[in-house]
Amino acid sequence: MKIDKATAIARRNQQLGTPVLSADNCLFAVLDHKRNIWWFDVPVKRLHTGLGDWINLLLHTPENDQLQHLKVPTSFLRTRLEEMEVRNAHKRRTTISLALSADRDAWLQDQ
C-alpha cells in the first residue's frame, strides 16, 4: 500500500497522540526498491538556527505498509554539511541529498 505525505503525517500524529508533525516540519520518502533507499532533499535553510531544532523524516515501506519516524537534530546535519552532497549551492533552493539505505548491513546510513 502506497501512501502520500499527508496520510503519513496524519498516521504518525495519531500514533503520537498529539498533532506534532505538519507539512512544514516533515519530509517524506517512499522506499525506492530498485536502489533500496529512501531519498530526501533537505532544504539547507531548514538547518539554520531559529527554524527548528529537528528535521522529522518519515520513511514509508509500501510492501509491508511500515512507517518509520526519524527525528534528526538540525545541529547534526549542520556540522556534517561539508561531507554531504549539496545541490544548487549558492542558489535560492539549496538542498542536501540524503539517500538512507534500507540494506541490513548499512541500515539508515547515507549512501
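Chains are numbered independently. Their residues run from 1 in the order of the written sequence. pLDDT decides what is reported in this predicted model: residues at 70 or higher carry local features, side-chain atom pairs at 80 or more are listed and counted, and totals for whole chains, interfaces and linings draw on all residues regardless. Water and hydrogen atoms play no part in the side-chain values, which are based on all heavy atoms of the structure.

So, on to the overall build of the chain. If you tally the helices and strands in the chain, you get two helices and six strands. Its helices and strands in sequence order give the chain the pattern α-β-β-β-β-α-β-β, from N to C terminus. Only protein chains enter the accessibility calculation, which uses a 1.4 Å probe; a residue is then buried when its area is under 20% of its type maximum, exposed when over 50%, and partly exposed in between. For the chain, with 111 residues in total, the buried portion stands at 38%. Only heavy atoms enter the contact rule, under which two residues are in contact if any of them lie within 4.5 Å. Long-range contacts, defined as pairs at least 24 residues apart, comprise 51% of the intrachain contacts of the chain with a sequence gap of at least 6. For the area figures, the Shrake-Rupley method with a 1.4 Å probe applies, and any residue is considered shielded solely by the protein chains shown. As presented, the chain carries roughly 7200 Å² of accessible surface, and 48% of it is formed by carbon and sulfur atoms. By definition, any uninterrupted DSSP run of H or I lasting at least four residues is a helix, any uninterrupted run of E lasting at least two residues is a strand, and each is numbered from the N terminus.

Time to look at the nonpolar core. Take the buried Ala, Val, Leu, Ile, Met, Phe, Trp, Tyr and Cys residues and link them wherever side-chain atoms come within 4.5 Å; each set so joined is a nonpolar core. Within the largest apolar cluster, 18 residues are counted, with the highest numbers of intra-cluster contacts made by W38, F40, V42, I55 and L57. Counting residues per element, the ones that place at least two in this core are β1 (26-30), β2 (37-43), β3 (54-61) and β6 (95-101). Setting aside anything within four residues of it in sequence, one finds F40 in contact with L27, F28, A29, L57, L58, L59, I96, S97, L98 and L100. Membership of the second largest hydrophobic core comes to eight residues, among which are I3, A8, C26 and L67.

Another point: the pattern of salt bridges. Here, a salt bridge means any Lys or Arg side-chain nitrogen found within 4 Å of an Asp or Glu carboxyl oxygen. Within the structure shown, the criterion is met by two salt bridges. Residue D65 is joined to R11 by a salt bridge in which the shortest nitrogen-to-oxygen separation is 3.1 Å. Of the two residues, D65 is situated in the loop between β3 and β4 (66-73) and R11 in helix α1 (residues 5-16); the sequence distance between them amounts to 54 residues. Note that D32 and R35 form a salt bridge whose closest N and O atoms lie 3.3 Å from each other.

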